[in-house]
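Notes for the structure review
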Amino acid sequence: MSKTMAHLLPLTCTLLAAAVLGTPGTASAQLIDRTQAPNAAGAGIAKSLEEQIGTGQGDALTPGSSIFLIQRDPARSIRRGRQLFQRKFSVHQGLGPRTGDGVGDIDHDGSIGAGFADSCAGCHGRPRGAAGFGGDVATRPDSRDAPHLFGLGLQEMLADEITADLRAIRDRAAQQAVQSGRVAILPLKSKGIRFGSIRVAPDGSVDTSGVLGVDPDLRVRPFFAQGGTISIREFLVGAFNAEMGVEASDPLLHAAASGARVVTPAGMVLDGSLDAIERPPAANEADDPDGDGVRDELPVSLVDHMEFYLLNYFKPAVHEQSRLAQAGRQVFDAVGCGSCHVPDLRIERDRRVADVETRFDPVRGVFNRLFATASLRLVAVDDGSGFASLKRPAREPFVVRNFFADLKRHDLGPAFHERNYDGTTTTHFMTEPLWGVGSTSPYGHDGRSISLREVVLRHGGEARRQRDAFAAMPEVAQLALFEFLESLVLFPPDDTASNLDPGDPSTPGFPQTGHGSIKLGALFNDPAEGE
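The notes below deal with the structure included here. (Residues numbered from 1 in each chain as written. Predicted model: local features only at pLDDT ≥ 70, side-chain atom pairs only at ≥ 80, totals over all residues. Heavy atoms only, no water.)

Details of the nonpolar core
In a soluble, globular protein the nonpolar side chains are often hidden away together inside. Residues Phe 85, Leu 188, Ile 198, Phe 240, Leu 270, Val 400 and Phe 403 are the most contacted members of the largest nonpolar core, which totals 84 residues. With 10 residues, helix H5 (residues 152–180) is the single largest residue contributor to this core. The contacts of Leu 270, once residues within four sequence positions are left out, are Ile 230, Ser 231, Glu 234, Leu 253, Ala 256, Ala 260, Arg 261, Val 262, Thr 264 and Ile 277. (Core = buried A, V, L, I, M, F, W, Y, C linked by side-chain atoms within 4.5 Å. Buried < 20%, exposed > 50% of the residue type's maximum accessible area, 1.4 Å probe, protein only. Helix = DSSP H or I, 4+ residues; strand = E, 2+ residues; numbered from the N terminus. Contact = heavy atoms within 4.5 Å.)

Concerning the side chain of Asp 350
Along the chain, Asp 350 turns up in the loop between strand E11 (345–347) and strand E12 (354–360). The exposure class of Asp 350 is buried, given its relative accessible area of 1%. Only 2.7 Å separates the side chain of Asp 350 from the side chain of Arg 377, close enough to count as a polar contact. Those residues in contact with Asp 350 that lie beyond four places of it in its chain are Met 157, Arg 377, Pro 393, Arg 395, Glu 396 and Phe 398. (Polar contact = N/O pair within 3.5 Å; in protein donor to acceptor, adjacent residues only side chain to side chain.)

Section: the sheet that holds strand E6 (residues 193–200)
Taken together, 3 strands build an open sheet; the order of strands is E5-E6-E7 and the sheet is antiparallel. With partners counted over all chains shown, the strands left at the sheet margins are strand E5 (184–190) and strand E7 (206–207), one partner each. Note that E6 and E7 share 2 bridges and pair antiparallel. From the neighbouring strand, Arg 199 faces E7, where its bridge partner is Asp 207. Packing of H5 onto the sheet brings it into contact with E5 and E6, and relative to E5 it is tilted by some 165°. (Pairing = 2+ DSSP bridges. Axes fitted to C-alpha atoms, helices over the stretch in contact; angles between N-to-C directions.)

Remarks on a negative patch on the surface
On the surface, Asp 105, Asp 107, Asp 109 and Asp 422 cluster together into a negatively charged patch. Mapped onto the elements of the fold, Asp 107 is located in the loop between helix H4 (74–86) and strand E1 (124–126). (Patch = residues over 30% accessible without salt bridge, like charges linked within 9 Å, V, L, I, M, F, W, Y side chains within 5 Å. Areas by Shrake-Rupley, 256 points an atom, 1.4 Å probe, with all protein chains shown as cover. Salt bridge = Lys/Arg side-chain N within 4 Å of Asp/Glu carboxyl O. Lys, Arg positive; Asp, Glu negative; His and termini not counted. Charge placed at Lys NZ, Arg CZ, Asp CG, Glu CD.)

Details of the packing of aromatic side chains
Inspection of every chain in the model, using the stated rule, returns 16 aromatic pairs. Considering the side-chain rings of Phe 150 and Tyr 313, the 5.1 Å spacing of their centres and the 80° angle between planes classify their relative orientation as edge-to-face. Of the two residues, Phe 150 sits in the loop between strand E4 (144–145) and H5 while Tyr 313 sits in the loop between helix H8 (300–311) and strand E10 (317–318), which places them 163 residues apart along the sequence. In this pair, the class of Phe 150 matches that of Tyr 313, namely buried. Cluster of aromatic residues (ring-pair linked, three or more members): Phe 85, Phe 150, Tyr 309, Tyr 313, Phe 314 and Phe 491. Taking the ring centre of Phe 398 as reference, the NZ or CZ of Arg 352 above it sits at 4.4 Å. For Lys 408, the ring lying beneath its charged end belongs to Phe 195, and the centroid distance is 5.6 Å. (Phe/Tyr/Trp six-rings, centres within 6.5 Å; stacked < 30°, edge-to-face > 60°. Lys NZ or Arg CZ within 6 Å of the ring centre and 35° of its normal.)

A few points about the pairing of E6
Examined bridge by bridge, E5 and E6 share 6 bridges and lie antiparallel to one another. In the sheet register, Pro 187 faces E6, and the bridge partner there is Ser 197. The antiparallel hairpin formed by E5 and E6 contains 2 residues in its connecting segment, where Lys 191 sits at a positive phi of about 55°. The loop that links E6 with its antiparallel partner E7 comprises 5 residues; one of these, Gly 204, has a positive phi angle of about 90°.

A short note on the pairing of strand E13 (residues 370–376)
Inspection of the sheet shows E12 paired to E13 by 7 bridges, in the antiparallel sense. Across the sheet, residue Asp 355 finds its bridge partner in E13, namely Ser 375. In this sheet, strand E22 (residues 497–498) lies alongside E13 in parallel orientation, the contact comprising 2 bridges. The partner of Phe 371 across the bridge, within E22, is Ala 497.

This is the structure in structure tokens:
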């Protein structure tokens, strides 16, 4: 790396982490477009949707394109993704109707029962300004709650690496069977998590009856309670369509769904020859499947920014670890909760460009007693183009701490089973990561459990032994466990002090102002972006 690049890295880190954390002036779950609704407060997104689309997807040599920004100015791409997440879409931009306008064969297409929102933050907006929780949809008879999206990119990467490990074991078993002329049986284990075993005969036939917690194709699908979707890109394209009636024609997803291998601008490999990739709703930019007269409602450049934003979205925080909370962590281990809620998992090749660690700090945490420390996870490369340097993810290992999940499906008994519109019952669900659990009441994929105590007692099936061990503990031990779980929190990014803006309680109007955040306008003057 040149001395110039090394000199620029600290500033790049500051700008980039600023974009990941958030910016003052956008402290809202949803944002209006002030080019459409000007106001005296100057609130809202300063760029029109057309300006945010820019010059399309382009490449690293096309200024204003999504790939250009992701590779050369990732901070701006993340900011743009955040504003798209919070943007209130309008009918003339393609908002609505929802699938079939609520009419159709819901037995085979649950999205007919999806809610109708005008922004992503309509379902994922709590705490304020965060890609959090808060929505509810009727895609099943008993409804589904919208989960928070903190750490979404880390979940995608963990699932993808585990998939690669499991499939490599399957391939090794096949090779052993051919070489030995006998059936090969190998345990399926990745990142310390056991997924049963795989059995391969010399003729190449594979017996997956011993596989546990994952589909027979060994693909871990981390998104949705039942484990239904592989990637952030598929998730967001599907959600825009099902929840907002905004249709994308994303050519990358089309290619992958047709059997091709593609790499998204966020670095996710989608291989249609190995996996069933979800096809986007519109066939091409001229297609109008919902017949509302609006075409190309979610151009590919916007999909790129949204995917990159969610890939880099920060982890939940860890609040005060009081003596009672520390004792509660010991109870957590003693009960055996960690057999499914695995605390820490390691990513081998982190595709993010920044990380934010948010923890309890009674001195520097001037609001909510939380303080965030942002750090850079990229390398800058001068490609000689005359443009700003390329900012590439360092792809170094990263330990995901306080995750508390195993990315497997489990049957937790009838109390968690879910009715489907077609009369069937879903019995197995992904282990819900516990990070953020202290902020996300009510609990369960259906929001039916009113407290942490009730959702723990709701466990049965594979978790019956742990549930009974908890129920048999003295009240003080149970309270300690809840104290620990309540320390795993989400946080409002615009109201959280950081190493980039420590905040100042003496500011007039505190805590509405001066609470600490990222004063991005002072660091990266781009008023057209709304800072």
